[in-house]
Amino acid sequence: MALLEVEDLRVAFGDTTAVDGVDFHVDQGRVTGLVGESGCGKSVTSLAVMGLLPRRGVTVSGTARFEGVDLLSLPRADMRRRRGSDLAMVFQDPLSSLNPVVQIGRQITEVLERHRGLRGEAARKEAEDLLDRVGIPDPRRRLGEYPHQLSGGMRQRVLIAIAVACAPRLLIADEPTTALDVTIQAQILELLKDLVDAEGTALLMITHDLGVVAGLCDEVNVLYSGRVVESASARDLFARPTHPYTVGLLGSIPRLDLPIDEPLEPIRGSIADVIRWKDGCAFAPRCDRVAEPCVDGEPPLIGTAHAHRCVMAEETV
Amino acid sequence: MTLAKIERLDRLVEAGVRARHAESGSLWRQSLRRMRRSPMAISGAIIVALFLLVAILGPWIAPYSPTAQTWGGEVFLNRNVFPGPRPENWFGLDHLGRDMFSRMIVGARQTMLVGVVATLIGFAAGALVGGLAAAAGTFGGRWGGRVEAVIMRAVDVALAIPMLLLALSVAALLGPSLSTVMIAVGVAQIPIFARLLRGSMLAQAHSDYVLAAVSLGVPKHRIVLSHIFPNSLGPVIVQATLVLATAIIEAAALSYLGLGNPDPGTPEWGTMLADAQRFLSSAPQLAIYPAVGIIITALGFTLLGEAMRESLDPRLRRQS
Amino acid sequence: MSTDIEQRTLLDVKDLEVHFPIRSGVVVERTVGHVRAVDGVSLTIDAGRTYGLVGESGCGKTTLGRAVLRLEEPTAGSVWLDSTDVTALRSERLRRFRSKMQMVFQDPLGSLNPRHNVEMLLAEPLKVHGVGSKAERRRLATETLDAVGLPVSVMERYPHEFSGGQRQRLGIARALMLRPDLIVCDEPVSALDVSIQAQVMNLLDELQGEFGLTYLVIAHDLAVVRHLSDRVGVMYLGKLVEEADSEAIYERPRHPYTKALLSAVPQPDPDIEAGRERIILKGDLPSPANPPSGCRFRTRCPWAQDVCAEEAPVWREAADGHKVACHFDF
């Protein structure tokens, strides 16, 4: 059974739909990617699963079963208890995710106290071990420092240390390396990979970067306009991209491994050129393969292991 | 590709485009549209509109002349106990037998005049001072920096003086009159506007579009006037609305202290409040009417200002 | 990527330095040191070509780009555009000269005045340089909009009504209005979505041919720089560490930092990712106010030797047209 099983998740802010029926699952000890561009609903999906969306003005429906328990219908207090211990999250901006006026050490021991009941010297010792594990040199000294005294990469390591403090079974990372330089990004990705391998933690990786996906993820879900349009193992997805959107994304990225004069094949238009999923394929206005069936009602998810949402896929490949 | 299919696709896309285009137009127009949806803005606007209407039409809609002591005899007979609300005088009578309702209505004009003129004085002079300081500091080089420093230190000193004290000394200098109150309250607002506009302009001066204008070779004066200044006005306009509220209260306070218009013939809410003081224990309603009038008007402007602040706030703008 | 036979140097940057004073003190401010954002960089760009400048945040690439356009004041060195020393121009002459060199910004929304509509945005550069009548300016604006792929119907609209990619097209159109020789593109696509990045890169390519433009492209993304540039320079802590033709630098990087950068870029291919050997650099960028002695990269270099701390490596030609600042040959 999957560790996390999200089914028909829908999130609307007022009358704006952000997530429009997302299904995916995360297995124990695996890295699952949610990939898409801004506005595709990937971040909102993760916030909904974590129960971090504001209550006012937001409607959430569908289910997100974590070991059989639907997180979306849990009372707030139960969800709060699970957050940090069963599921933890790492955000894109490490500076605003840390409290600027509290020492690093205190921010870590706070989590250890709340979820693991560790106090005093025991908590301090554990915090030191955690910092050591995420590769922060001289952890004892760092415990007494404030977030602004650390570099961006170090802050992200601290956030990861806090997230893994209670050995969560699911770690959600929302664009954890987007704000970082490429050499620091490599360090952080390596760290995440090691944590998953060593602890068997499941990782839900939210990113726009297909390179990061290729290096880290086992399964990939590509999102467009609030829905999964393609879902497969990473190897399969990159070898046989099926949905025109996935194909277009791959064609848009300049690659270091291809000849230098290889032309880019961008997707035309922008995410503003969109139609509602119930009228047809939301990607149709930007798609080169568009045909009659594309605007003929809701396109279904086709296939199982390598699923996609393109009604024209079979005919034009 | 069949024609029918393309048509349907175009229709669907267009529907989406139309829905989004509801949010088009310049930023000012967008703010206005947002304000129309805010209950705070609507209630503020209704109060302010009512007040303005009364202030403008006062003499024509007042049932009686505000100075006529029609019921004088009645008042003097009862010594310090004045008739309260009754069918012919909705708000009752004052100590000279004048109709309070008419006096409130006619007095609104003076109050509005003081508030608006004082705010305009503060706004104009403050914007000039703050704008000059910011322009000098941003583009004036070394000397400009010094000019800015001198201006802003002077503003800091002025800010340190309690507003009422500043207004009082201006009023003392010019002698009691309506224009004294206007100038006094206006002058007291100058440093606030100056600081606010300078801060707002400095923030804009560091934005990318100003750098872009420099790189395009736009002359400095034009960068200040056509790029930085219009984009800095939002918070200042909001402040002006809020200042209108305090200006009305301050003007009332100055009138209350006897620095306002000495002419007893023109009713003014602050003076009315001062006059009512003597009868506070026997006829508190004489103080309550002008006080409530001042509070509600100030509230109206404050609501409007707060709603404007929200609708102009760039963080909220991003979300739409 | 034009194929001009003519090899005319358009931009010549000589020993450029930009130092920012660090001030400290409560009552009296004193200068306690300098951030050496750009610390002696020389480079040339041939007319019609694209020079890509890569490096991580804090390496000084943005400051260099702005100093070239005199948006930052250089501390030392000179910038020659054609036969004019840009660093020697004063006030009004500098303002006039700006029509020859333009900039495209990273944040397309922030770089457009939110209260100006498209027509005002595009007409302003012409107006302040006294070009044409109102009608002519409008015609030029229409032409330029067409060149960047926007319909003339957008003329009355405001920046916030556009998508990110369209805004960047507007930014490019504005830079094109004066038909400049040089355009400095500072992270032109990094704020855009992946599918839009490719559109804008292709557009920059097309416009180069159409308007005979010379680009200085500044970016942190090595793949973007490789795609756009003919020649690439790698910056680290205010200095160039390697410079070569685009093809050569990616085929055979010679500086350890370039090697590390290239090995760190994740590629959208699981097979490459699984098989690759990453050079993971230790630690973070040192402070540009107090750079390491000798070779600035030595504190993070996996192959650093004693000599690296003692002597600064010379900027030498390791192969034909391939310059590198390292004591060793890799």
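Note that the structure is predicted; figures quoted are calculated from it, not measured.

The rules behind these values
Residues numbered from 1 in each chain as written. Chains lettered and ligands numbered in written order. Predicted model: local features only at pLDDT ≥ 70, side-chain atom pairs only at ≥ 80, totals over all residues. Heavy atoms only, no water. Helix = DSSP H or I, 4+ residues; strand = E, 2+ residues; numbered from the N terminus. Rg over C-alpha atoms; globule rule 2.2 N^0.38 Å. Contact = heavy atoms within 4.5 Å. Areas by Shrake-Rupley, 256 points an atom, 1.4 Å probe, with all protein chains shown as cover. Lys, Arg positive; Asp, Glu negative; His and termini not counted. Charge placed at Lys NZ, Arg CZ, Asp CG, Glu CD. Buried < 20%, exposed > 50% of the residue type's maximum accessible area, 1.4 Å probe, protein only. Patch = residues over 30% accessible without salt bridge, like charges linked within 9 Å, V, L, I, M, F, W, Y side chains within 5 Å. Salt bridge = Lys/Arg side-chain N within 4 Å of Asp/Glu carboxyl O. Expected span 1.5 Å × (residues − 1). Buried area = accessible area lost by both parts, 1.4 Å probe. Phe/Tyr/Trp six-rings, centres within 6.5 Å; stacked < 30°, edge-to-face > 60°. Lys NZ or Arg CZ within 6 Å of the ring centre and 35° of its normal. Domains from an automatic or database assignment. Polar contact = N/O pair within 3.5 Å; in protein donor to acceptor, adjacent residues only side chain to side chain. Nonpolar A, V, L, I, M, F, W, Y, C, P; charged D, E, K, R; others polar. Core = buried A, V, L, I, M, F, W, Y, C linked by side-chain atoms within 4.5 Å. Pairing = 2+ DSSP bridges. Axes fitted to C-alpha atoms, helices over the stretch in contact; angles between N-to-C directions.

*Asks:* Tell me about the overall build of chain A, residues and numbers included.
*Replies:* Secondary structure assignment for chain A yields 12 helices and 11 strands. Relative to its length of 317 residues, chain A is compact, with a C-alpha radius of gyration of 21 Å against a globular reference of 20 Å. Overall size of chain A, expressed as C-alpha extent along the three principal axes, is 70 × 50 × 35 Å. Pairs at least 24 apart in sequence give 61% of the contacts found in chain A among residues at least 6 apart. As displayed, chain A offers around 12900 Å² of accessible surface, 49% of which is attributable to carbon and sulfur atoms. Considering chain A, the positive charge centre built from 35 side chains and the negative charge centre built from 46 side chains are found 8 Å apart.

*Asks:* Which residues make up the overall build of chain B, and what are the values?
*Replies:* In terms of helices and strands, chain B carries 13 helices and zero strands. Going from N to C terminus, chain B has its helices and strands arranged as α-α-α-α-α-α-α-α-α-α-α-α-α. Buried residues in chain B amount to 47% of all 320 residues. Pairs at least 24 residues apart make up 73% of the contacts formed inside chain B by residues separated by at least 6 positions.

*Asks:* Quick one: what's the story with a positive patch on the surface, residue by residue and with numbers?
*Replies:* Side chains of Arg55(A), Arg76(A), Arg80(A) and Arg114(A) sit close together on the surface and give a patch of like positive charge. Checked against the element boundaries, Arg55(A) lands in the loop between helix H1 (42–50) and strand S4 (58–66).

*Asks:* Hey, could you go over helix H8 (residues 182–199) of chain A for me, with residue numbers and the actual values?
*Replies:* Helix length check: H8(A) (18 residues) gives 26 Å between terminal C-alpha atoms against 26 Å at 1.5 Å per residue, within 8%. Looking one or two residues beyond H8(A), the residue adopting positive phi is Gly200(A), at roughly 70 degrees.

*Asks:* Mind laying out the interface of chain C and chain B, listing which residues take part and the relevant values?
*Replies:* Tallying the contact residues gives 28 residues for chain C and 25 residues for chain B. Regarding the contact of chain C and chain B, the summed buried area is about 2300 Å², with carbon and sulfur atoms giving 57% of it. Three residues, Arg115(C), Glu124(C) and His160(C), lead the burial of chain C against chain B; their summed loss comes to 26% of the area buried on that side. Connecting chain C to chain B are one salt bridge.

*Asks:* Residue-level account of the packing of aromatic side chains, with values.
*Replies:* According to the stated counting rule, one finds 13 aromatic pairs over all chains in the structure shown. Clustering of aromatic rings is evident, with ring pairs tying together Tyr224(A), Tyr245(A) and Phe283(A). Across from the ring centre of Trp277(A), 5.9 Å away, lies the NZ or CZ of Arg309(A), which sits over that ring. Between Arg226(C) and the ring centre of Tyr250(C), over which it is positioned, the NZ or CZ distance is 5.7 Å.

*Asks:* Can you tell me about the domain arrangement of chain A, naming the residues and giving the values?
*Replies:* Residues and elements named next belong to chain A. Per the domain assignment, the segments making up chain A are domain 1 (4–86 + 168–316) and domain 2 (96–167). Between domain 1 and domain 2, the C-alpha centre-to-centre distance is 30 Å. In this assembly, 17 residues from domain 1 lie in contact with 12 residues from domain 2. Summed over both sides, the interface between domain 1 and domain 2 buries roughly 1200 Å², with carbon and sulfur atoms accounting for 66% of that surface. Together, Pro168, Leu191 and Leu195 form the three largest contributors to the area buried by domain 1 at its contact with domain 2, with a combined 36%. Taking the shortest distance from any N to any O, the salt bridge between Glu199 and Arg133 comes out at 3.4 Å. Counting across the interface, domain 1 meets domain 2 through four residue pairs in polar contact (both at pLDDT 80 or more). Residue assignment for the side of domain 1 that touches domain 2 shows that the elements contributing at least two residues are helix H2 (76–82) and H8. Here the residues of the side of domain 1 that touches domain 2 are counted per class, giving nine nonpolar, three polar and five charged.

*Asks:* Quick rundown of the nonpolar core? Include the residues and the values.
*Replies:* If you look at the biggest cluster of nonpolar residues, it comprises 75 residues, and the most contacted ones within it are Ile160(A), Leu203(A) and Met205(A). Taken domain by domain, the makeup of this core includes at least three residues from each of domain 1 (4–86 + 168–316) and domain 2 (96–167) of chain A. Those residues within four positions of Met205(A) in sequence are excluded, and the remaining contacts are Val31(A), Thr32(A), Gly33(A), Leu34(A), Ala173(A), Pro176(A), Leu189(A), Leu192(A), Val212(A), Leu216(A) and Cys217(A). Leu121(C), Met177(C), Leu192(C) and Tyr215(C) belong to the second largest nonpolar core, which has 39 residues in total.

*Asks:* So, a negative patch on the surface: which residues are in play, and what are the values?
*Replies:* A cluster of acidic residues, Asp261(A), Glu262(A), Glu265(A), Glu247(C) and Glu251(C), forms a negative patch on the protein surface. Note that Glu265(A) resides in the loop between helix H11 (244–252) and strand S11 (307–308).

*Asks:* Break down the sheet that holds strand S9 (residues 219–224) of chain A for me, with residues and values.
*Replies:* Residues and elements named next belong to chain A. Taken in spatial order, the seven strands line up as S6-S7-S8-S3-S9-S10-S11 in an open sheet, and their pairing is mixed. Edge positions in the open sheet fall to strand S6 (87–90) and S11, since each of these has one partner strand only. Contacts from H11 reach S9 and strand S10 (227–233), with the element oriented near 100 degrees to S9.

*Asks:* Describe in detail the interface of chain A and chain C, supporting the description with residues and values.
*Replies:* Listed by partner, the interface residues are 41 residues for chain A and 39 residues for chain C. Both sides of the chain A and chain C interface together cover about 3600 Å² of buried area, and 59% of this is carbon and sulfur. On the surface where chain A and chain C come into contact, there are three salt bridges. Arg255(A) is the salt-bridge partner of Asp269(C), the closest N and O atoms lying 3.7 Å from each other. If you look at where chain A meets chain C, you find 15 residue pairs in polar contact (both at pLDDT 80 or more). Of all elements in the fold, only H8, helix H9 (210–216), helix H10 (234–239) and H11 of chain A reach the threshold of two or more residues within the side of chain A that touches chain C. Ranked by residue count, the leading element in the side of chain A that touches chain C is H8(A), at eight residues. Classifying every residue of the side of chain A that touches chain C by side-chain character gives 20 nonpolar, 11 polar and 10 charged.

*Asks:* Tell me what's going on with the environment of Arg141(A), and back it up with residues and numbers.
*Replies:* Here Arg141(A) shows up in helix H6 (residues 139–142). Considered as a pair, Arg141(A) and Glu128(A) are 13 residues apart in the sequence and their alpha carbons are 9.2 Å apart.

*Asks:* Lay out unusual backbone geometry in plain terms, naming residues and giving numbers.
*Replies:* Residue and element names in this part refer to chain C. Phi at Asp15 takes a positive value of approximately 45 degrees, unusual for a residue other than glycine. Mapped onto the secondary structure, Asp15 falls in strand S1 (residues 9–24). Unlike most non-glycine residues, Arg179 shows phi in positive territory, near 50 degrees. Using a relative accessible area of 30% as the deciding quantity, one classes Arg179 as partly exposed.

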